[in-house]
Amino acid sequence: MAPKITRIESTEFRYPLEDVGTDENGFNLIYSPGETTERKLFALRVHTDEGIAGEYVGGNSPAAAQINTFADYLVGKNPLARERHWSEIKRALRKYDRMGMGPIDIVLWDFAGKYYDAPIHELLGTYRTRLPAYASTYHGDESGGLDSPESYADFAEECLEMGYPGFKIHGWGGGDGARDVDREIETVHAVGERVGTEMDLMLDPACELETFGDALKVGRACDEEDFFWFEDPFRDGGISQHAHRKLRDFLDTPVLQSEHVRGLEPHSDFIAADATDFVRADPEYDAGITGAMKIARVAEGFGLDVEFHAPGPAQRHCIAAARNANYYELALVHPKCQNTQPPVYADGYSDMLDAIDSNGTVPVPEGPGLGVEYDWEYIEEHRTGSLHVYE
């Protein structure tokens, strides 16, 4: 008899980030001494009649709202029929961005690994078990942290000494002159001159630059310092194929796009339109491990590399099974405050700055499923009152 889903639980909880605030517009996380920011996540469990539960912690409120619309469909279904569920839920969410697909699909993969007593990367097909990581910074601040081109260069040098083979700059955000293009350019040069011959360097303005012209100026600075990629530069929001194809025409630095388009077909269109050099994928954003690996295979077919967004156990399993991926993004890191990792791992799993070994790599979890043990006592203690049960 095939296993059946008997109950789905979604728990909203919060956790604190010390010495972390937001920029003046309130959108970017930055170093802010003495301030505490609370971050909200969701913990999902899919229970089955096998006595095995698939688990995942992540997601956001829009994704949770979408899960509310299709959770009842899954109850009573075979949790191993991931491709069928992926297709049906994709259609059900056709009017939305489909962010709700990711967490559920990851949970079903976690169940499958536990059911077969194997890590997810083995079910996908293992290519490697150690992943080269790059240090991906918080946004710039004005508080004595990453507050100048020199401070970015100092931190890049610190990361190099730790063993990191790559370093990515998230520059300054906010309005009223905080987005100073000259300072962005100076930071590119400061970091490039300090460590550019020893590390792969990346720049991700996170769509902060206001015009195509600003993106062109900053991109040409990246050219001069031989940056590895230039990511999501300006205010189109990272979604215009035409604009990024034009930008590529003027720059030597490879462009990395598609973090802000959702799912297989828009990513495929970006590739076919020559609108990006590297392809972005994220198991949480792009309809789960199932969706992210489809994107990785499409990119491979076009001869391109896929770079997975953000850290996490699901990302590690995807990269472990993708030949055409270069780096694991260890984010967000800073010389004076902690990463944004939630304190929910009871087994020592870490995405903190010091998680790499001397070769700049992180391991792929080897336990069944995602291979991590969640601290459900912590999650329950920090529950914000939102608990949805479907059965």
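A brief look at the structure comes next. (Residues numbered from 1 in each chain as written. Predicted model: local features only at pLDDT ≥ 70, side-chain atom pairs only at ≥ 80, totals over all residues. Heavy atoms only, no water.)

Another aspect to go through is the packing of aromatic side chains. Throughout the structure, instances matching the rule amount to 16 aromatic pairs. Aromatic pair F228 and W229: ring centres 5.8 Å apart, planes at 35°, arrangement tilted. What makes F228 partly exposed here is its relative accessible area of 22%. Taken together, the ring pairs connect Y134, F228, W229, F278 and Y327 into an aromatic cluster. Above the face of the W109 ring, R82 is positioned so that its terminal group lies 3.7 Å from the ring centre. (Phe/Tyr/Trp six-rings, centres within 6.5 Å; stacked < 30°, edge-to-face > 60°. Buried < 20%, exposed > 50% of the residue type's maximum accessible area, 1.4 Å probe, protein only. Lys NZ or Arg CZ within 6 Å of the ring centre and 35° of its normal.)

Bringing unusual backbone geometry into the picture now. A cis amide bond links A331 with the next residue in sequence, L332, at an omega value of -10°. By secondary structure assignment, the location of L332 is in strand β11 (residues 328-333). Its identity is not glycine, yet D19 carries a phi of approximately 60°, on the positive side. Within the secondary structure layout, D19 lies in strand β1 (residues 5-22). (Helix = DSSP H or I, 4+ residues; strand = E, 2+ residues; numbered from the N terminus.)

Along the chain, the position of Q66 falls in helix α1 (residues 61-74). Since its relative accessible area comes to 9%, Q66 is described here as buried. From its side chain, Q66 meets the backbone nitrogen of M99 in a polar contact 3.1 Å long. Discounting residues that sit within four places of it in the chain, Q66 has contacts with L93, Y96, D97, R98, M99 and G100. (Polar contact = N/O pair within 3.5 Å; in protein donor to acceptor, adjacent residues only side chain to side chain. Contact = heavy atoms within 4.5 Å.)

A cluster of acidic residues, E150, D180, D182 and E186, forms a negative patch at the surface. Along the chain, the position of D182 falls in helix α6 (residues 181-195). Taking the relative accessible area as the measure of exposure, D182 reaches 52% and is therefore exposed. (Patch = residues over 30% accessible without salt bridge, like charges linked within 9 Å, V, L, I, M, F, W, Y side chains within 5 Å. Areas by Shrake-Rupley, 256 points an atom, 1.4 Å probe, with all protein chains shown as cover. Salt bridge = Lys/Arg side-chain N within 4 Å of Asp/Glu carboxyl O. Lys, Arg positive; Asp, Glu negative; His and termini not counted. Charge placed at Lys NZ, Arg CZ, Asp CG, Glu CD.)

Attention shifts here to the side chain of R183. By the element assignment, R183 lies in helix α6. Judged by relative accessible area, R183 falls into the buried class, the value being 15%. One polar contact links R183 to E142, side chain to side chain, over a distance of 3.0 Å. When residues no more than four places from it in sequence are discounted, the contact partners of R183 are E142, D147, P149, W172 and A178.

Closest axis-to-axis distance for the helix α5 (residues 149-162)/α6 pair is 8 Å, and the angle between their directions is 30°. For the crossing formed where α5 meets α6, the hand is right-handed. Across the interface between the two elements, P149, E150, Y152, A153, D154, A156, E157 and L160 from α5 touch R183, E186, T187, A190, V191, R194 and V195 from α6. (Axes fitted to C-alpha atoms, helices over the stretch in contact; angles between N-to-C directions. Left-handed = near helix turned anticlockwise from the far one by under 90°.)

Reading across from one edge, β3-β2-β1-β13 is the order of the four strands in this open sheet, with antiparallel pairing throughout. Single-partner strands in this sheet number two, and they are β3 (53-58) and β13 (383-390). Taking each pair of neighbouring strands and ignoring which way they run, the sheet shows an average axis angle of 15°. Pairing of strand β2 (residues 29-48) with β3, which is carried by six bridges, proceeds in the antiparallel orientation. Residue pairing in the sheet places R45 in a bridge with E55 of β3. Contacts from helix α3 (residues 101-116) reach β1, β2 and β3 within the one sheet, and its direction differs from that of β3 by about 140°. (Pairing = 2+ DSSP bridges.)

A separate point is the pattern of salt bridges. Counted under the stated rule, the structure contains 25 salt bridges. The closest approach of N and O atoms between R7 and E9, which form a salt bridge, is 3.1 Å. The exposure class of R7 is partly exposed, given its relative accessible area of 24%. Each of K168, D204, E231, E259, R280 and E329 takes part in a single network of salt bridges with overlapping partners.

Bridging between β1 and β2 involves 16 bridges; their strand directions are antiparallel. Residue pairing across strands places R14 opposite K40, the latter belonging to β2. From the end of β1 to the start of β2, which pair antiparallel, there are six residues, and G26 there has a positive phi angle of about 85°. The pairing of β1 with β13 spans five bridges and is antiparallel. When the sheet's bridge partners are listed, T11 is paired in β13 with L387.

Turning our attention to the nonpolar core. Of all hydrophobic cores here, the largest spans 104 residues; its most connected members are Y164, F167, V191, F308, L330 and Y374. The contact partners of F308, leaving out residues within four places of it in the chain, are R280, A281, P283, A292, M293, A296, C318, I319, A322 and E329. (Core = buried A, V, L, I, M, F, W, Y, C linked by side-chain atoms within 4.5 Å.)

With their axes 11 Å apart at the nearest point, α1 and helix α2 (residues 82-92) run at an angle of 140° to one another. When the axes of α1 and α2 are compared, the pair comes out oblique. The element α1 and its partner α2 pack so that their crossing is right-handed. Residues F70, Y73 and L74 of α1 lie in contact with α2, whose contacting residues are R84, H85, E88 and I89. A per-class count over the contact of α1 with α2 returns four nonpolar, one polar and two charged. (Parallel < 35°, antiparallel > 145°, perpendicular 65-115°, else oblique. Nonpolar A, V, L, I, M, F, W, Y, C, P; charged D, E, K, R; others polar.)

What follows concerns the environment of Y96. Assignment of secondary structure puts Y96 in the loop between α2 and α3. A C-alpha to C-alpha distance of 8.4 Å links Y96 and Q66, two positions 30 residues apart in sequence.

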